Structure formats: structure tokens, C-alpha cells
Amino acid sequence: MRIVSGSICRAKTGLNMRATPGGAIVATLTAGAVVECLGKPVDDWVRVAARGWTLDGKTIYHEPDTSSGAKLTTRGGWRFVEVQGAVAVEYLDLIDGPV
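The rules behind each value
- Residues numbered from 1 in each chain as written.
- Predicted model: local features only at pLDDT ≥ 70, side-chain atom pairs only at ≥ 80, totals over all residues.
- Heavy atoms only, no water.
- Core = buried A, V, L, I, M, F, W, Y, C linked by side-chain atoms within 4.5 Å.
- Buried < 20%, exposed > 50% of the residue type's maximum accessible area, 1.4 Å probe, protein only.
- Helix = DSSP H or I, 4+ residues; strand = E, 2+ residues; numbered from the N terminus.
- Contact = heavy atoms within 4.5 Å.
- Disulfide = S-S within 2.5 Å.
- Polar contact = N/O pair within 3.5 Å; in protein donor to acceptor, adjacent residues only side chain to side chain.
- Phe/Tyr/Trp six-rings, centres within 6.5 Å; stacked < 30°, edge-to-face > 60°.

**As for the nonpolar core**
Inference 1: In terms of nonpolar packing, the biggest core is built from 19 residues, with M17, L29, V35, V46, V48, V87 and L92 touching the most fellow members.
Inference 2: Elements represented by at least two residues in this core include exactly β1 (8-11), β2 (15-18), β3 (25-29), β4 (34-37), β5 (45-54) and β7 (79-88).
Inference 3: Look past the residues within four positions of V48 in its chain and what remains in contact with it is M17, V35, E36, C37, L38, V83, Q84, G85 and V87.

Structure (C-alpha cells):
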């Protein structure tokens, strides 16, 4: 399989999601965060949608990290978000996608 529109990938490490390839950071994905690819890679970057949990609106977790002390310093608690942006393909593991 290769990454195409509709592919599901997992972040290999903590990963910055950017507005455009090499552009401003719009969110940070934690290792293991799952993303859906919105197109095919261009110049080793791909546009993705990340759905997950956040406390600060910037760091996206695959699931709420209830063991961390972060919730003690942030008002409002965990909320579910969807963020779109570009990530470098080298930091993604393909886990499912169209054949």
C-alpha cells in the first residue's frame, strides 16, 4: 500500500502539523496519533485531518491522557477536536487505506 487520499496513518513520533509544508505550526500530534490523509503526498508532504483530544487546542492526543498532570493546570478539561494541516510523510506509518 501507499499513501493516497483516504489512507489512515499513525504518527511515528511527536509531529508538528503545519498550515502549509514548512509553514506555521497549527498543532502538535503526539506519537501514535491517527490521521486521515486528504490527498496524495507532494514533495514528501501530505495534507491530513487529525481527530483527537486536546487541553490547549494545540497538542492533539489519540485519547485523553488522564494520567498526566496537564489537566490540573488547564481550565475546561479535555475536548474533542479536528484539525487539518500538512505533515512530512517520513514521520507517518501507513496503517490502512484504499487498495
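Having put the structure on the table, let's press on.
**Concerning unusual backbone geometry**
Inference 1: Even without being a glycine, D43 presents a positive backbone phi close to 50 degrees.
Inference 2: In this structure, D43 sits in the loop between β4 and β5.
Inference 3: Looking at D43, the relative accessible area reads 69%, which means it is exposed.
Inference 4: One non-glycine residue, D44, adopts positive backbone phi at about 70 degrees.
Inference 5: Within the element layout of this structure, D44 appears in the loop between β4 and β5.
Inference 6: Classification of D44 as exposed rests on a relative accessible area of 61%.

**Some remarks on the state of the cysteines**
Inference 1: Under the defined criterion, the tally for this structure stands at 0 disulfides.
Inference 2: C37 provides the cysteine sulfur closest to C9, a residue in no disulfide bond, and the two sulfurs are 3.8 Å apart.
Inference 3: With a relative accessible area of 0%, C9 lands in the buried category.

**As for the side chain of S7**
Inference 1: Mapped onto the secondary structure, S7 falls in the segment before β1.
Inference 2: Classification of S7 by relative accessible area gives buried; the value is 0%.
Inference 3: A distance of 2.9 Å separates the side chain of S7 from the backbone nitrogen of V4, its partner in a polar contact.

**Some remarks on the environment of A88**
Inference 1: Here A88 lies in strand β7.
Inference 2: On the basis of relative accessibility, which here comes to 11%, the residue A88 falls in the buried class.
Inference 3: The spacing of A88 and P41 is 47 residues in sequence and 8.8 Å in space, taken between C-alpha atoms.
Inference 4: Residue contacts for A88: discarding those within four places in its chain leaves D44 and W45.

**What about the packing of aromatic side chains?**
Inference 1: Under the criterion given, the structure shown has 2 aromatic pairs.
Inference 2: With 5.3 Å between their ring centres and 70 degrees between their planes, W53 and F80 make a pair best called edge-to-face. Taken together, the residues W53 in strand β5 and F80 in strand β7 connect sequence positions 27 residues apart.
Inference 3: Centroid distance Y61 to W78: 5.3 Å. Interplanar angle 85 degrees. Geometry classified as edge-to-face. Of this pair, Y61 sits in the loop between β6 (59-60) and β7 while W78 is found in the loop between β6 and β7, placing the two residues 17 residues apart along the sequence.
Inference 4: Using a relative accessible area of 22% as the deciding quantity, one classes Y61 as partly exposed.

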